[in-house]
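Tertiary structure, described
Listed below are the residues making up each chain.
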Amino acid sequence: MLQAVDMCAERLRDPFGREVTSLRVSVTDRCNLVCFYCRPKSFVPCSRSELFTLEEIARVAEVAAALGIGKIRLTGGEPLLRSGVVGLVERVARIPGIDDLALSSNGALLGGLAAPLAAAGLRRVNVSLDTLRPERLRAISGSGELDRILDGIAAARRAGLRPIKLNTVVIRGVNDDEIGDIARFAASHGAQARFIEYMPVGADPLWRDRHVARAEIVARLGRLLADDPPRCGADPATYYRLRDGSGEVGIISPISCGFCSLCNRLRLTADGRLRPCLTSDGEIDLRTPLRAGARDAEIADLFRRAVAAKPERSRYVEAPARPMIAIGG
Ligand code: SAM
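Keep in mind the model is a prediction, meaning the values are calculated, not measured.

Once that is clear, we can look at the overall build of the chain. Assigned secondary structure in the chain consists of 10 helices and 12 strands. Taken over C-alpha atoms, the radius of gyration comes to 19 Å for the chain, in line with the 20 Å a tight globule of 329 residues would show. When its C-alpha atoms are laid out on the principal axes, the chain stretches across 55 × 40 × 40 Å. The proportion of buried residues among the 329 residues of the chain is 54%. Pairs at least 24 residues apart make up 73% of the contacts formed inside the chain by residues separated by at least 6 positions. Surface accessibility of the chain: about 13,800 Å² in total, with carbon and sulfur atoms responsible for 52%. Each charge class in the chain can be summarised by its mean position, and for the 48 positive and 40 negative side chains these summaries are 1 Å apart.

Here's what the structure looks like:
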């Protein structure tokens, strides 16, 4: 492959000593859901000409792999809306050095795509599941098609995608009374529940009142959890064992217990910008140089610049320039 092989020995390390080994790639900023916590009403997706092509994404993934990035997660928007996503998975899965290829989805299109994605080389999937009640799903996301999401989760299981993680953003007054139900549902469906603290990345004016901290999530799980101390995973979640032995739940708590010291990731937005941190708008444009014929070594330099620009810590602001839907989580 490419000139990229020349860069193989190199690792990316930021000014705070953190090695960067993971890239979240947003393959589209369009979504078939309109979750209020992710997508502000005013959000307009990028135009077709601004959208990074699948060829451009694959090329950037090759350069990333040559720089020691071994994990790629495809996200969005809803990545399964992007036509050609199965072909992209096939291509990225073949890149030497990529040993962990995952995808985040809202699950609505997973029923028909889980098997082809697995055959193309996808290893695992995270599915958003904020509620088990159709009327609530409609209120949160504009769609009441819970059955399609559950079918998607079942199809992922049949296709052998493992682990299946079910991501729930915990929002006070919206779904915080379902934490136990979702944990039990996940465990009984061969999946793992992960509860995510609500972050102010969707321009919700009620965010402060609706945020539920990790300690409260743990308290609400109560007797479902075993007494042993939680363990830290390779990802930002803290894992708690379920008392009945059916598995674990994860809690991701960026607000109450930041995990920036462990951050190992960069993000690539759907319009081709490298983002050093979820909360930093200091993005580095890859699309313009790529379309101007940049060589792999030049793209690699832009990766180094992005890594050098990683802030020590996230700084959440209540009305971010880019909402979550435009970043990819
Ligand atoms: N559509 C895909 C999905 O549903 O997973 C991928 C994109 S979505 C932006 C990625 C993740 O970001 C989801 O797990 C979603 O719940 C999470 N997310 C979005 N807005 C969030 C917020 N305000 N706070 C915490 N997590 C959020």
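There's more to say after this.
Taken together, 20 residues form the shell around the ligand, and within it Tyr37, Gly77, Glu78, Ser128 and Met199 come nearest. Here an oxygen atom of the ligand and a side-chain polar atom of Asn167 are 3.5 Å apart. Interatomic distance of 2.9 Å between a backbone N/O atom of Met199 and a nitrogen atom of the ligand. Burial of the ligand by the surrounding chains reaches 95%, relative to a free accessible area of 550 Å². Listing elements by their share of the shell around the ligand, those giving two or more residues are strand 3 (100–105), strand 5 (164–170) and strand 6 (192–197). In terms of residue class, the shell around the ligand is made up of 8 nonpolar, 10 polar and 2 charged.

With that out of the way, let us pick up the packing of aromatic side chains. Within this structure, the stated rule accounts for 2 aromatic pairs. A ring pair is formed by Phe36 and Tyr37, whose centres lie 5.9 Å apart and whose planes are at 80°; its orientation type is edge-to-face. Residue Tyr37 is classed as buried on the basis of its relative accessible area, which comes to 11%.

A few words on the sheet that holds strand 2 (residues 71–75). What the 12 strands build is an open sheet, ordered 7-8-9-6-5-4-3-2-1-10-11-12; its pairing is mixed. Each of the sheet's edge strands pairs with one partner strand only, and the pair in question is strand 7 (231–232) and strand 12 (284–285). Sheet topology places strand 3 next to strand 4 (residues 124–128); 4 bridges connect them, and they run parallel. Each residue of the ladder has a partner; that of Leu103, found in strand 4, is Val125.

Rules used throughout
- Residues numbered from 1 in each chain as written.
- Predicted model: local features only at pLDDT ≥ 70, side-chain atom pairs only at ≥ 80, totals over all residues.
- Heavy atoms only, no water.
- Helix = DSSP H or I, 4+ residues; strand = E, 2+ residues; numbered from the N terminus.
- Rg over C-alpha atoms; globule rule 2.2 N^0.38 Å.
- Buried < 20%, exposed > 50% of the residue type's maximum accessible area, 1.4 Å probe, protein only.
- Contact = heavy atoms within 4.5 Å.
- Areas by Shrake-Rupley, 256 points an atom, 1.4 Å probe, with all protein chains shown as cover.
- Lys, Arg positive; Asp, Glu negative; His and termini not counted.
- Charge placed at Lys NZ, Arg CZ, Asp CG, Glu CD.
- Near = heavy atom within 4 Å.
- Polar contact = N/O pair within 3.5 Å; in protein donor to acceptor, adjacent residues only side chain to side chain.
- Nonpolar A, V, L, I, M, F, W, Y, C, P; charged D, E, K, R; others polar.
- Phe/Tyr/Trp six-rings, centres within 6.5 Å; stacked < 30°, edge-to-face > 60°.
- Pairing = 2+ DSSP bridges.

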